[in-house]
Each structure stands twice: as C-alpha cells, then as structure tokens.
Amino acid sequence: MKTWKEIPIGAMIIEPGSSIEFDVTLWRVFRPVLDKNKCTKCGLCWIYCPEGAIMVKEDGSYEINLSYCKGCGICQKSCNVKAITMVREDEKSST
Amino acid sequence: MKRVALSGNYAVAYAVKMADVDFVAAYPITPQTPIVEKISEFIANGELEAEYVNVESEHSAISACVGASLTGARVFTATSSQGLAYMHEVLFMASSLRTPIVMANVNRALSHPLNIWNDHSDAMPERDCGWIQFWVESAQEAFDTTIQAFKIAEEVLLPVMVNLDGFILSHVYEAVELPDEELVRDYIPSKPLINRVSPKLSYTIGVVGPPEYYFEMKYQVLEAIERSRNNINNVNKEFSKIFGRKYGNINNYMMEDAKYALITMGAVTGTAKFVVNELRKKGEKVGLISIRCFRPFPMDEVIKLLEDVKGVGVLDRALTPGGPGHPLYTDICCALYNAKNKPIIQSFVGGLGGRDILVDDFIKMFEIVKEVSEEGRPKPCVYIGLRG
C-alpha cells in the first residue's frame, strides 16, 4: 500500500476507477459459493449484487469476484434455484 | 508608503484588500465584524474584485472557504469566539484538504457566561486542528502578519490563523504604515493555485480514509506543518528586506542578559514590555518572550533563549480545566523538559473574559518568578487578580 509520501496531497484520488484497486476480501465473514450445476444463468444475482462483484463470462455463465465481494448475501437471497450458498470464511466449501 | 491611523480590524481588512483576495465568506460576530464590514465596503466600492458570500453561519463560512480554496482562489475569512468554535470540525478538513485559507481570529472569551471581551480561550481549543497559528501584538503586526500568512499558506498548502486580541487590538486605533499596493502584489502575486475541482481533472476530494489509509493521510498534515518552519523563517527574512519590519517566531525583548523572564502571547506583551523597561531602570535583569508563531511551536528558539535564565513565568489567558497545566504553560514545560539547562517555570493565568492585566500585576508576576527561582521550585498556578 502507498506510503504517506505517495498518497496525493490532501488525500485526493487523482485517477478515476480507483475502487478497482481496493480489495475487500478481509471484510467478509461469509463468502458466496456458486453451484454451476444448479445455476440457470438467469442473471438475478448479477442484477442484485450491490458491489458489481458478479461477472458474466463469455459463455453466459456467472462468476463471483471475491476481491470485491463483501459477503452481504444478497445474491443468495436473490437466487430462485438456490444455486448460491453462503459459507463461513473459516470453513471449507464442498464445491 | 503612507502612515495612517487604523484599528487592528481595519489593518487586517487593508491587508486582505492588498493581497487581492478572490473570495470571502463570513458571518458577523463581535469583535470581528468590522473586518468583514470593511472588506465588503472595498468590494462594493470596486476597490477589491472578489466574491463575497453572506452565509448563514460560521460553519457555512469556513465550508464555503474550503470549497472556494479548492478551486485555486485566494480565500479569506474572519471570526471570533463562538464562531470559531462553530467552525471546529471544518477546521480539520481545511488543513487535511490542504486548503491555504487565511483567517483572522479576533480573540474573545467563550461562553458560558456570555462574554464578548478578550481572552485566548477561543483559539486554544483549535491548537490541534493542523492550522498554522500566529499571535500578533499591534495593528501593524496584524497587517504584516496577514500579508505573510497568504505567502506561507500558499507555499505549504496549509490554512493560517492570525490571532489578534479582541478590542485591545481590534478596536484600538494605532499608527500603521501601509506599503504601496504594488509592493504587496509583487510580494504575493495572485498566481492561481491549482483548481482541484476543474471538470478537466477527475479528482475525488474528501475521500473516506479507512484504517489502512487514515494514518498516512493525517501524517501529511503533520509533515507539512513541521516543514512550514523553514518557510516561516524565510518569509520573516524576506519580509524584513522588502518591508523593513522584522518578525520572528518569537519576539524577544531584553533577553540577552536576562535572569528572569515572562512568556506572553498577544497584545498584553505591550504592557509587559513597559514593566520590563521599568524594572530594568531599577537594575533588575528581566526579559520578555512573546510567542508569535504558536503552531508550529518554536521549541528550539524557546530552549535557546532560556538557557541562562533562572526563572520564567508563563502567562496563559485560557484554561485547561483538570489538565496538567494551562495551554501555553504545558507547551513550554514540554519544550524545556529535555533541555540541558532549564529554568524554574511558574504558571500564571490572568486576563480572562477581558479583565485587564495591569502594570502592577506584571510587577507581581516578576516578583513571584524571582521568589520561586530562589526557592528552587515553582508554586501551583497563580491566578492573577482572582478574588477569594
């Protein structure tokens, strides 16, 4: 991370899109785990995710970018086919 | 150059006019009001081309100043007492956003009880807000320091507060030498600072500083104010060459061979000088130090000046209830703690809420300083003129 000398004067952010550099992995207690076999590619999780942490891949399938996921669980609630489960960060997921 | 009779307030207003400020936002408060009244008059007369914003409070005044300063404008505001207290939270933002605002604070006591008279209790709670703080002794110094303040503020990108004592300085007319306007404009040319809110730049200003960043962001202010010591010294030197009046971070008087000294701030220094002269006539080796630049605090200068002094009295005009000592006293003690040779340091508090500190009071203070120095230990704080 930047030292006090490297941070622009007045703590300004002088480049657009700086949130891309901000990893929130450590904020999470639960992480979403997507079961691709259950997923119908409906895109509701992608619509509901408040952080834009869910990416659409070229083949139309979805992937969760855990660098930007804060673990709110909204995607799990939005998923009608229950393809997303929230798993504690200190537990291993089965998928 | 011309010599005119000006009140301390008008001296500041003339300095602001000559500094060719671009933006003023202020709210009236006694005893500061004549400053902004005079400035609005200058603007109305066409003598000063600036945007004057009448705001609904001091909180808004300083907030508007921060915004204007971010556009690169030269910005001024003035306040007193409750007004300064009302600005409190924004003062920290002004320094952390590195906006070079210049503010005159006409020192007045804080309520309760309501009191419009002079002491230092308004500015002392703002010691830690990251502003450079000057304290002046005369209307001339108020004028000169305001001019210097723009230079320093814009060099180090920190706000500067010029403190002048309410009524004693703000409303008393003194002879002031006004330099030619061109001389001032050459000294502080209106070079636009960077406009940080220009649509051409995609800056984010006023960011969230999470635990990973806040420390580094605040440290920048600390580093800037430490670095400003050099700028202030250079400005003092340069100013005396151009304008002929010499100022230091501390103004000392008869300190060369002094055995006993007093440390003061602001206009009361004038009375103290008179007393030093009287005591010198009687052969007493007494001297006086007035702290002109309170933030950054002139530790090295204080240590050096007090090397051969036996006893020193520190006069506070504000209180730190329940603290280890009153504001100036604790700073002086802290500065001297690691000094090789340190005097006995006696604390005094006086002149609260506009009560006069008289010649006899200063004579008494020198007597006490002498007495405790001979005893080798100071008394608890002496409250000058307190009944009961």
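Scoring rules and cut-offs
- Residues numbered from 1 in each chain as written.
- Chains lettered and ligands numbered in written order.
- Predicted model: local features only at pLDDT ≥ 70, side-chain atom pairs only at ≥ 80, totals over all residues.
- Heavy atoms only, no water.
- Contact = heavy atoms within 4.5 Å.
- Buried area = accessible area lost by both parts, 1.4 Å probe.
- Salt bridge = Lys/Arg side-chain N within 4 Å of Asp/Glu carboxyl O.
- Polar contact = N/O pair within 3.5 Å; in protein donor to acceptor, adjacent residues only side chain to side chain.
- Helix = DSSP H or I, 4+ residues; strand = E, 2+ residues; numbered from the N terminus.
- Buried < 20%, exposed > 50% of the residue type's maximum accessible area, 1.4 Å probe, protein only.
- 1 Å grid on protein atoms, 1.4 Å probe; cavity = no way out; pocket = protein on both sides within 12 Å on 5 of 7 lines; lining within 4 Å.
- Points joined across faces, edges and corners; volume = space filled by probe spheres on them.
- Nonpolar A, V, L, I, M, F, W, Y, C, P; charged D, E, K, R; others polar.
- Domains from an automatic or database assignment.
- Pairing = 2+ DSSP bridges.
- Axes fitted to C-alpha atoms, helices over the stretch in contact; angles between N-to-C directions.
- Parallel < 35°, antiparallel > 145°, perpendicular 65-115°, else oblique.
- Left-handed = near helix turned anticlockwise from the far one by under 90°.
- Phe/Tyr/Trp six-rings, centres within 6.5 Å; stacked < 30°, edge-to-face > 60°.
- Lys NZ or Arg CZ within 6 Å of the ring centre and 35° of its normal.

S.K.: Could you give an account of the interface of chain A and chain B, with specific residues and numbers?
M.R.: Across the contact, 15 residues belong to chain A and 18 residues belong to chain B. Each partner contributes to the roughly 1,600 Å² buried at the junction of chain A and chain B, and carbon and sulfur atoms together form 71% of this total. In terms of surface lost to chain B, no three residues of chain A exceed A:Trp4, A:Ile9 and A:Met12, which account for 37% of the buried area on that side. Remark: the boundary between chain A and chain B carries 0 salt bridges. Taken together, chain A and chain B are joined by 3 residue pairs in polar contact (both at pLDDT 80 or more).

S.K.: For the pattern of salt bridges, give the residues involved together with the corresponding values.
M.R.: All names here are of chain B. Tallied over the entire structure, the rule returns 24 salt bridges over all chains. A salt bridge links Arg185 to Asp20, with the nearest nitrogen and oxygen atoms 3.9 Å apart. With Arg185 in helix H6 (residues 181-187) and Asp20 in the loop between helix H1 (8-18) and strand E2 (23-26), this residue pair connects regions lying 165 residues apart in the sequence. In this structure Arg185 comes out as partly exposed when scored by relative accessible area, which is 28%. The salt bridge partner of Glu181 is Arg185, with a shortest N-O separation of 2.9 Å. Of this pair, Glu181 and Arg185 both sit in helix H6, 4 residues apart, which is roughly one turn of that helix. Beyond isolated ion pairs, a larger network of salt bridges with shared partners links Lys17, Asp20, Glu47, Glu181 and Arg185.

S.K.: Account for the layout of surface pockets, with residues named and values stated.
M.R.: The computed volume of the largest pocket comes to approximately 910 Å³. Looking at the largest pocket, it is lined by 29 residues, and the ones nearest its centre are A:Ile13, A:Ser18, A:Ser19, A:Phe22 and B:Tyr213. When grouped by side-chain class, the residues that make up the lining of the largest pocket number 17 nonpolar, 5 polar and 7 charged. Approximately 530 Å³ is the volume attributed to the second largest pocket. If you go around the second largest pocket, you meet 26 residues; those closest to its centre are B:Asp119, B:Leu319, B:Val349, B:Leu352 and B:Gly353. For the lining of the second largest pocket, a count of residues per class yields 14 nonpolar, 8 polar and 4 charged. Both domains that meet at the lining of the second largest pocket, namely domain 1 (2-243) and domain 2 (250-383) of chain B, each give it at least three residues.

S.K.: Tell me about the sheet that holds strand E12 (residues 293-295) of chain B, residues and numbers included.
M.R.: Residue and element names in this part refer to chain B. The mixed open sheet is built from 7 strands, whose spatial order is E3-E2-E4-E5-E7-E6-E12. Of all the strands in the sheet, the pair left with one neighbour each is strand E3 (51-54) and E12. Direction aside, the axes of adjacent strands within the sheet are offset by 20 degrees on average. The pairing of strand E6 (residues 132-135) with E12 spans 2 bridges and is antiparallel. Paired with Phe134 across the bridge in E12 is Cys293.

S.K.: I'd like a rundown of the domain arrangement of chain B, residues and numbers included.
M.R.: All names here are of chain B. Partitioning chain B into structural domains gives domain 1 (2-243) and domain 2 (250-383). Using only C-alpha atoms to locate each centre, domain 1 and domain 2 end up separated by 28 Å. Domain 1 puts 27 residues into the contact, and the matching count from domain 2 is 25 residues. For the pairing of domain 1 and domain 2, the buried interface totals around 2,100 Å² over both sides, and the portion due to carbon and sulfur atoms is 52%.

S.K.: Mind laying out the packing of H1(B) against helix H2 (residues 33-44) of chain B, listing which residues take part and the relevant values?
M.R.: Residue and element names in this part refer to chain B. At a minimum axis separation of 8 Å, H1 and H2 run at an interaxial angle of 40 degrees. When the axes of H1 and H2 are compared, the pair comes out oblique. In the crossing of H1 with H2, the sense of the turn from one axis to the other is right-handed. Only Pro34, Ile35, Lys38, Ile39 and Phe42 of H2 make contact with H1, whose side of the interface consists of Asn9, Tyr10, Val12, Ala13, Tyr14, Val16 and Lys17. Taken together, the residues of the contact of H1 with H2 sort by class into 9 nonpolar, 1 polar and 2 charged.

S.K.: I'd like to hear about the packing of aromatic side chains, residue by residue, with values.
M.R.: Residue and element names in this part refer to chain B. Within the structure shown, the criterion is met by 10 aromatic pairs over all chains. Taking the centre distance of 5.1 Å and the plane angle of 70 degrees together, the rings of Tyr14 and Phe42 count as edge-to-face. You can see Tyr14 sitting in helix H1 and its partner Phe42 sitting in helix H2, a full 28 residues away along the chain. The exposure classification of Tyr14 matches that of Phe42, with both residues buried. With centroids separated by 5.9 Å and ring planes inclined at 80 degrees, the aromatic side chains of Phe294 and Phe297 adopt a geometry described as edge-to-face. On the basis of relative accessibility, which here comes to 0%, the residue Phe294 falls in the buried class. On the basis of relative accessibility, which here comes to 6%, the residue Phe297 falls in the buried class. Counting every residue linked through ring pairs, the aromatic cluster contains Tyr187, Phe239, Phe243 and Tyr247. Here the guanidinium or amino end of Lys342 rests over the ring plane of Tyr337, the centre of that ring lying 5.5 Å away.

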